Amino acid sequence: MGETHNHEHNHQPPPQQAAAPPAMPLGSARGPMFPPAEQLLQLHYCIHSNPSWPQTVLLAFQHYIVMLGTTVMIATVLVPQMGGGPGDKARVIQSLLFTSGVNTLLQTLFGTRLPTVMGPSFAYIISALSVINDLSDSTFRSEHERFEHTMRAIQGSLIVSSIINIILGYGQVWGKLTRFFSPVVITPLVCVVGLGLFGRGFPQVGDCIEIGLPMLILLVISQQYMQRVHPVAQSILERFALLLCIGLIWAFAAILTVAGAYNHVTEQTKMSCRIDHSFLLSSAPWVKVPYPFQWGTPIFRASHVFGIMGASLVSSAESTASFYAASRLAGATPPPAHVVSRSIGLQGIGQLFDGFFGAVVGTTASVENVGLLGLTRVGSRRVVQISTAFMIFFSIFGKFGAFFAQIPLPIFAAIYCILYGIVAAIGISFIQFANKNSMRNIYVLGISLFLGISIPQYFVMNTDITGHGPVRTPAGWFNDILNTLFSSPPTVAMIVGTVVDNTLEARQSFDDRGVPWLVPFQRRKGDSRNEEFYSYPLRINEYIPSRFL
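Numbering of residues starts from 1 in every chain and runs along the sequence as written. Local features are withheld for residues below a pLDDT of 70 in this predicted model, meaning they are given only at 70 or higher, and side-chain atom pairs are given and counted only at 80 or more; totals for whole chains, interfaces and linings count all residues. The side-chain figures draw on all heavy atoms in the structure; neither hydrogens nor water molecules are used.

The name recorded for the chain in an unreviewed UniProt entry is Nucleobase-ascorbate transporter 3, from Solanum bulbocastanum. Of the comments in the UniProt record for the chain, the one headed Subcellular location (unreviewed entry) reads "Membrane". UniProt positions are given in the numbering used here, feature names are shortened, and annotations may be inferred rather than shown by experiment. Recorded in UniProt for the chain, the comment headed Sequence similarities (unreviewed entry) runs: "Belongs to the nucleobase:cation symporter-2 (NCS2) (TC 2.A.40) family."

Section: empty space enclosed by the protein
Using a 1 Å grid laid over the protein atoms alone, points where a 1.4 Å probe fits but cannot get out form a cavity; open sets with protein on both sides within 12 Å along at least 5 of 7 lines form a pocket; any residue with an atom within 4 Å of a point counts as lining. Grid points are joined across faces, edges and corners, and a volume is the space filled by probe spheres set on the points. Scanning the model with the defined rule gives 4 cavities of 30 Å³ or more in all. Here the largest cavity defines a volume of roughly 140 Å³. Around the largest cavity, the lining comprises 13 residues; the ones closest to its centre are M271, S278, A405, I407 and L409. Amino acid classes used here: Ala, Val, Leu, Ile, Met, Phe, Trp, Tyr, Cys and Pro are nonpolar; Asp, Glu, Lys and Arg are charged; the rest, including Gly, are polar. Residues belonging to the lining of the largest cavity are distributed by class as follows: 7 nonpolar, 4 polar and 2 charged. Of the pockets and cavities examined, the second largest cavity occupies roughly 70 Å³. A90, I93, Q94, L97, L280, A284, F394, G398, G401, A402 and A405 together form the lining of the second largest cavity. Put simply, the parts of the chain that give the lining of the second largest cavity at least two residues each are α3 (86–110) and α17 (398–405). Considering only residue class, the lining of the second largest cavity consists of 8 nonpolar, 3 polar and no charged. Working definition: helices are DSSP H or I runs of at least four residues, strands are E runs of at least two. Numbering for both runs from the N terminus.

Observations regarding the nonpolar core
Here, nonpolar core refers to any group of buried Ala, Val, Leu, Ile, Met, Phe, Trp, Tyr and Cys residues whose side-chain atoms link them within 4.5 Å. Exposure categories follow from relative accessible area, calculated using a 1.4 Å probe and restricted to protein chains: below 20% of the type maximum is buried, above 50% is exposed, and the middle band is partly exposed. If you look at the biggest cluster of nonpolar residues, it comprises 124 residues, and the most contacted ones within it are Y64, L78, V92, V360, I411 and I415. Looking at this core, the element that brings in the most residues is helix α2 (residues 53–82), giving 15 residues. Setting aside anything within four residues of it in sequence, one finds V360 in contact with I74, L78, M82, V92, L96, M151, I154 and L158. In terms of nonpolar packing, the next biggest core, distinct from the first, is built from 8 residues, A434, V444, L445 and V496 among them. It only takes one pair of heavy atoms within 4.5 Å for two residues to be counted as in contact.

Quick look at the state of the cysteines
Any pair of cysteine sulfurs within 2.5 Å is marked as a disulfide. Evaluated as defined, the whole model comprises 1 disulfide. Between C208 and C273 runs a disulfide, and the two sulfur atoms are separated by 2.1 Å. On the S-S bond that ties C208 to C273, the torsion sits near 130 degrees, and the link is right-handed. In this pair, C208 is assigned in the loop between α8 (202–205) and α9 (209–225) and C273 in helix α11 (residues 267–273), connecting sequence segments 65 residues apart. Residue class for C208 comes out buried when judged on its relative accessible area of 1%.

Side note on the pattern of salt bridges
Opposite charge on two side chains lets them pair, provided their charged atoms get close. Salt bridges are identified by distance alone: a Lys or Arg side-chain nitrogen within 4 Å of an Asp or Glu carboxyl oxygen. For the coordinates displayed, the defined rule picks out 10 salt bridges. For D276, the salt bridge identified is with R274, shortest N-O distance 2.9 Å. Looking at D276, the relative accessible area reads 35%, which means it is partly exposed. Here D527 and R529 are joined by a salt bridge, their closest N and O atoms 3.0 Å apart. Taking relative accessible area as the criterion, D527 reaches 17% and is therefore assigned buried. Via salt bridges that share partners, E38, D527 and R529 belong to a single interconnected network.

Here it is in structure tokens:
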């Protein structure tokens, strides 16, 4: 019995111990954790809400001023090399403003319906330079004749190559491509559409540092710091500090010009700093309505068309990235695949319109205007639609448009330093919907971001003033396509990110990639909010075949 007693005693269950507290997530004791947010909560006005009419008009004018900088930059680069003078440059700016206004209105009504300004695209510059170089050996009676002949050649190329975007868009090809996107692809795609434009930021501020740097510093201080001084100042400076800063620094540049600060400087410095060296105001017509084929009958040449086709593909990639960024900054959900498709198809129609009216380049969704949505925290569609009235008005009344076109380009470059940064940062926010701690995702992000900037930089550095890039085969049209495609950061990031993300452990990492979050938004009726943000106005859906919706 003693052994039995001892045996039973030795096998009694151990006394119950207090349960250990559940393990806390790493870092929870050091601060709050922020869950993913599909829509930004700090916007004052989203896509459907609108400020008061006076504020709407001022904000719309601000959008016009921001897109005007890119318009003037492109005309400044191309028109002199085409043989055009100040008068030709003024008319090109008018044509670009007119087509941008019409394309923006169409895109906000029948395209993505997002508040995106459709402005002239730098993606077409390489192809345009190739056309200019190809015609450089031809004999003309005057430089103005050479300008008109070159313009007609670019016109014809824009008209023919527009078929690419029309087919990709309304054929639903581009939308099917976006179905391969995940947040791991969208993040670098949107990031580099801002970061890839660094050459138009501080390097151009440095062209006239005494104007550009004060503009950059003043905008940051007034728009971000001074608004906290008084409640009244907050609403004014947060939305309109950009206009106030432009006015102050432009007046400062005028004082320097009148005082003779730039009388004995290089011609390049005069172009960047003086407010009267573009001669736009004196050469622009008072009233001039852009009309189809205003430069003459378009010239069609196959070698030119293929180069512009490459630029059309690049503009589609740039617009897609801008649409995703605009959807976040307007308080909307990511655009569904069918919406992206119809917007690219409409962009092709817009390029056809550009060719008819003699715009020197095609249009794309303006990155800087998307950044302005974030700067002002106003994502209202109405504001952007009203801005088209300013574009069209100033395209017709040339003297008034030329007055604002004389703003020194370093002022615009200082603005872009902030606006491009906002777009790049909004791209980073998309990674919240994927696993940020996955080494596989980190690898895809890293290679897409780096190659998306590094490869285009190689192509840009090895492209001469005539538009000849590092790809130099006997087939000139083939060179133009590849040189244009790989000079575009969003295009390279999209290609690299999509291929690697969909081939590297794609099925095993389905959840880590954030695909379950994105799929409902990619489908027409996958999320109830898709129709709310992206359906056509005025019951137009009932009269259009579903494949074109």
